[in-house]
2 protein chains.
Amino acid sequence: MTQSILLKNRPKGKPALSDFEFVTDDSKISINQGELLLETTYVSVDPYLRGRMSDAKSYVPPFELNKPIHSGVIAKVITSKNDNFKEGDFVSGMLDWKTQQVSNGKDLLKIDASKAPLSAYLGILGMTGLTAYLGLTQIGKPVAGETLVVSGAAGAVGSVVGQIGKILGLTVIGIAGTDEKIDLLKTKFGFDAGINYNTSKDIKADLAKLAPNGVDVYFDNVGGPISDAVLFNINKFARMVICGAISVYNNTEIPKSVSVQPFLIKNSALMQGFIVSNYAEKFPEAMTKLSEWLAEDKLTYSETVVNGFDKIPNAFIGLFDGKNKGKMIVKI
Amino acid sequence: MTQSILLKNRPKGKPALSDFEFVTDDSKISINQGELLLETTYVSVDPYLRGRMSDAKSYVPPFELNKPIHSGVIAKVITSKNDNFKEGDFVSGMLDWKTQQVSNGKDLLKIDASKAPLSAYLGILGMTGLTAYLGLTQIGKPVAGETLVVSGAAGAVGSVVGQIGKILGLTVIGIAGTDEKIDLLKTKFGFDAGINYNTSKDIKADLAKLAPNGVDVYFDNVGGPISDAVLFNINKFARMVICGAISVYNNTEIPKSVSVQPFLIKNSALMQGFIVSNYAEKFPEAMTKLSEWLAEDKLTYSETVVNGFDKIPNAFIGLFDGKNKGKMIVKI
């Protein structure tokens with residue numbers, strides 16, 4: 001029996017459980033020569049998926065209605081008629097939200113369960129880690145001694161960005177939404193300081209105090225008023241990595257923010273949108289660095305693991321309430 | 001008798017004549033060894049001077065109250081006790097708004113009145129031309145066949161940017177505020193198309209029609225709602241050169257615009273503030289190109305010349321009403 005999760009409606013504002021549909025198929029699955037039968041082990045839920053649920057123009061086509069949603073998945077090979085994979089192998093790839101599925105093996109990556117826990121390949125050794133490393137280094141171009149601010153700092157990407165910032169010799173300030181998260185940033189991830197945007201009376205002023213020399217690199221996962229506050233504190237030649245805008249993904253109207261242009265001119269500053277898939281030629285370099293740092297215990301990570309295939313939509317919706325600390329993963 | 005123009009008040013909103021003070025000094029000017037006595041011939045008035053009249057943090061320190069304002073000036077050497085200059089030479093430099101002044105010759109550039117009209121050295125062969133060429137090439141990175149949009153297109157910088165775009169093989173669309181300016185863009189400066197932002201009912205939709213393949217490079221002189229409309233039309237990997245924000249320079253409150261972050265992410269696009277002085281090492285290359293194109297009649301320019309030292313403040317204020325076509329210059 002195979003279960004699938006389809007996109008039933010394009011969400012209006014925040015996604016709701018009613019936007020998803022579960023379907024069950026109990027027909028027997030057979031595979032052809034060159035194919036694999038996969039059983040889903042872990043499913044990654046990520047804020048960017050919200051964009052694909054809309055039909056607005058974006059960097060990837062939208063999900064189709066009444067078709068399975070897909071995202072980063074770790075799966076186990078159950079049967080293989082493909083020479084590159086054997087029964088019992090674990091693979092990662094962009095796969096459907098299905099308990100079982102057939103693949104031709106294209107774009108699947110074999111992963112080594114002895115080197116790191118399987119779920120790490122959806123996080124620190126997967127798109128999360130690659131996004132953090134490549135966004136920070138390719139656009140942020142950090143220099144030792146500079147000041148880095150990270151928004152969504154306790155999230156999957158943000159917590160890795162801050163740690164890499166520390167490894168590279170920067171002062172790192174994180175912005176997150178609870179005191180518990182701020183504590184975690186400082187104790188577990190080695191950030192120098194943090195701002196709780198929910199209790200701060202003036203993020204702009206608090207940041208000015210914590211970053212008296214100004215902000216050189218801003219790794220932006222959230223957009224909106226938090227990013228406005230950072231703008232007031234940027235230095236000449238600041239680099240702003242625009243990686244996510246979770247604060248506005250659910251807006252049904254186009255949001256307004258402080259005009260960025262005068263800040264960019266005054267500071268000869270740069271803002272650039274970052275999509276990890278544009279940097280595929282740098283993945284091997286990034287994986288090498290991330291694996292080294294992980295092996296040397298210079299990097300650590302948090303996961304929020306939710307159990308059960310039927311909880312995938314809840315886990316996804318929870319991202320928009322900040323229910324995750326670090327990478328949000330569903331274990332099947 | 002020497003006349004000077006001082007900054008009397010920091011303007012609130014749009015500058016007013018009452019923000020300037022004329023003073024007259026009839027003491028005799030004597031010069032020391034190494035110095036020059038200069039007589040002002042042409043004065044450049046530019047939108048960026050508005051920023052220096054405020055005391056907000058910016059890339060150059062603000063003008064001091066009750067001190068002469070300075071800007072790009074062409075002057076004639078009246079007396080020289082400096083071996084690098086002789087009587088009758090013409091020079092360009094950042095000089096005070098004074099009819100006569102003493103200089104040590106440092107940072108003055110000798111200019112050749114036989115190669116181009118003197119005033120051109122404040123415009124197409126001065127900061128205007130350098131800004132257009134270097135902003136477009138260094139940040140815009142234009143590629144033949146792409147689409148370039150220029151705001152403030154009939155202004156000094158904008159009209160040169162569009163012409164360079166055409167020389168480099170791009171489709172060029174200009175945005176300006178009168179039908180007369182739009183005509184000029186197409187007939188004199190060779191733009192492919194223009195949008196009058198004062199009569200357009202929907203700049204975003206008009207631009208979508210004129211740029212059916214999307215916008216690859218945006219050279220932004222204005223900021224505000226015009227730039228918001230361009231954002232909706234950018235292509236993947238678009239580059240936005242943020243050179244000016246004249247639409248918001250006079251705002252007394254920090255203006256709000258459409259949030260740029262989601263557009264930057266969706267399109268892996270870049271916005272970067274451009275200040276010509278950061279690219280000084282490229283000035284010789286740029287001057288060579290501009291002089292060549294000017295000699296080959298591939299570049300032309302407009303000037304609005306206002307006569308009389310006492311009209312400098314009026315000419316400056318007129319910039320904010322769009323009273324200039326091309327470079328606004330005051331002839332003394």
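Residues numbered from 1 in each chain as written. Chains lettered and ligands numbered in written order. Predicted model: local features only at pLDDT ≥ 70, side-chain atom pairs only at ≥ 80, totals over all residues. Heavy atoms only, no water.

J.: Would you mind showing me how to read the domain arrangement of chain A here?
T.: The figure often quoted for interface size is the accessible area lost as the parts come together. All names here are of chain A. Each assigned domain of chain A is listed here: domain 1 (2–122 + 302–331) and domain 2 (127–277). Relative to domain 2, the C-alpha centre of domain 1 lies at a distance of 29 Å. In this complex, domain 1 contributes 17 residues to the contact, which on the side of domain 2 involves 15 residues. Of the roughly 1300 Å² buried between domain 1 and domain 2 on both sides combined, carbon and sulfur atoms contribute 60%. At the junction of domain 1 with domain 2, the criterion picks out 0 salt bridges. (Domains from an automatic or database assignment. Contact = heavy atoms within 4.5 Å. Buried area = accessible area lost by both parts, 1.4 Å probe. Salt bridge = Lys/Arg side-chain N within 4 Å of Asp/Glu carboxyl O.)

J.: Looking at this structure, I do not really get the packing of helix H2 (residues 127–140) of chain B against helix H3 (residues 156–167) of chain B. What am I missing?
T.: The relative placement of two packed helices comes down to the angle between their axes together with the axis-to-axis distance. All names here are of chain B. Two elements in contact, H2 and H3, have axes separated by 8 Å at closest approach and are oriented at 50°. Accordingly, the angle class assigned to the pair H2 and H3 is oblique. The crossing of H2 and H3 is right-handed. Along the contact surface, H2 presents Thr128, Thr131, Ala132, Tyr133 and Leu136, while H3 presents Ala156, Val157, Val160, Val161, Ile164 and Gly165. Grouping the constituent residues of the contact of H2 with H3 by class yields 8 nonpolar, 3 polar and no charged. (Axes fitted to C-alpha atoms, helices over the stretch in contact; angles between N-to-C directions. Helix = DSSP H or I, 4+ residues; strand = E, 2+ residues; numbered from the N terminus. Parallel < 35°, antiparallel > 145°, perpendicular 65-115°, else oblique. Left-handed = near helix turned anticlockwise from the far one by under 90°. Nonpolar A, V, L, I, M, F, W, Y, C, P; charged D, E, K, R; others polar.)

J.: I tried to follow the relation of the copies chain B and chain A on my own but got confused; where do I start?
T.: Each of the two chain copies can be generated from the other by rotation about an axis followed by a shift along it. Expressed as a screw operation, the relation of chain B to chain A combines 0.0 Å of axial shift with a rotation of 180°, fitting to an RMSD of 0.0 Å. Here the copies are linked by what is in effect a two-fold axis. By residue overlap, the copies meet face to face through one surface: 100% of the interface positions of chain B are interface positions in chain A. (Least-squares fit on C-alpha atoms with pLDDT ≥ 70 in both.)

J.: Which parts of the structure should I look at to understand the pattern of salt bridges?
T.: Summed over all chains, the structure comprises 23 salt bridges over all chains. Through salt bridges that share partners, A:Lys86, A:Asp89 and A:Lys110 make up one connected network.

J.: Explanation requested: the nonpolar core in the structure shown.
T.: Formed by 93 residues in total, the largest nonpolar core has its most connected members in A:Leu148, A:Ile164, A:Phe219, B:Leu148, B:Ile164 and B:Phe219. With sequence-adjacent residues up to four places away left out, B:Ile164 is seen in contact with B:Ala132, B:Tyr133, B:Leu136, B:Leu290, B:Trp293 and B:Leu299. Core analysis: the second largest hydrophobic core is formed by 58 residues, A:Tyr218, A:Ile226, A:Val260 and B:Val248 among them. (Core = buried A, V, L, I, M, F, W, Y, C linked by side-chain atoms within 4.5 Å. Buried < 20%, exposed > 50% of the residue type's maximum accessible area, 1.4 Å probe, protein only.)

J.: Could you clarify how one ought to interpret the interface of chain B and chain A in this entry?
T.: The interface is formed by 37 residues belonging to chain B together with 39 residues belonging to chain A. Both sides of the chain B and chain A interface together cover about 3200 Å² of buried area, and 59% of this is carbon and sulfur. Considering only the side of chain B, the residues that lose the most area to chain A are B:Gln261, B:Ile265 and B:Lys266, jointly responsible for 20% of the buried surface there. Our count for the chain B to chain A interface comes out at 0 salt bridges. If you look at where chain B meets chain A, you find 10 residue pairs in polar contact (both at pLDDT 80 or more). Among the elements of the structure, strand S12 (234–242), helix H7 (246–249), strand S13 (256–258), helix H8 (261–267) and strand S14 (270–273) of chain B are those that each provide at least two residues to the side of chain B that touches chain A. Broken down by element, the side of chain B that touches chain A gets its largest block of residues, 6 residues, from H8(B). (Polar contact = N/O pair within 3.5 Å; in protein donor to acceptor, adjacent residues only side chain to side chain.)

J.: Just to check I follow, could you spell out the environment of B:Ala280 for this structure?
T.: Residue and element names in this part refer to chain B. For Ala280, the position within the fold is in the loop between S14 and helix H9 (283–295). Residue Ala280 is classed as partly exposed on the basis of its relative accessible area of 41%. Separated by 150 residues in the primary sequence, Ala280 and Leu130 place their C-alpha atoms 9.4 Å from one another.

J.: Would you explain helix H4 (residues 179–187) of chain A in this entry?
T.: Every α-helix winds through 3.6 residues per turn, so residues three or four apart in the chain are directed the same way. Residues and elements named next belong to chain A. Turning to H4, its buried residues number three or more, namely Lys181, Ile182 and Leu185. Along the axis of H4, the buried positions cluster into a sector of 100°, meaning they face one direction only. Exposed residues on H4 whose side chains face more than 90 degrees from its buried face are Asp179, Glu180 and Thr187. Packed against the buried residues of H4 are strand S9 (171–176) and strand S10 (193–196). (Arc of directions from axis to C-beta.)

J.: Hey, could you run me through unusual backbone geometry in this one?
T.: The phi angle of most residues is negative, glycine excepted, and most peptide bonds adopt the trans form. Residues and elements named next belong to chain A. If you check the backbone angles, Lys141 has positive phi at about 40° while not being a glycine. Summarising the element assignment, Lys141 is placed in the loop between helix H2 (127–140) and strand S8 (147–151). With phi around 65°, Phe237 is a residue other than glycine that occupies positive phi space. Taking the relative accessible area as the measure of exposure, Phe237 reaches 42% and is therefore partly exposed.

J.: Explanation requested: the side chain of A:Glu146 in the structure shown.
T.: All names here are of chain A. Take Glu146: it is sitting in the loop between H2 and S8. Among the residues examined, Glu146 registers a relative accessible area of 16% and is labelled buried. Those residues in contact with Glu146 that lie beyond four places of it in its chain are Lys141, Leu170, Thr171, Asp216, Val217 and Arg239.

J.: It is not clear to me how the packing of H2(A) against helix H9 (residues 283–295) of chain A should be interpreted in this structure. Could you clarify?
T.: Residues and elements named next belong to chain A. Orientation of H2 relative to H9, taken along the N-to-C sense of each, is 105°, at an axis distance of 10 Å. What the angle tells us is that H2 and H9 run roughly perpendicular. Between H2 and H9, the residues in contact are Gly129, Leu130, Tyr133 and Leu134 and Phe283, Glu285, Ala286, Met287, Lys289, Leu290 and Trp293, respectively. Of the residues contributing to the contact of H2 with H9, the split by class is 8 nonpolar, 1 polar and 2 charged.

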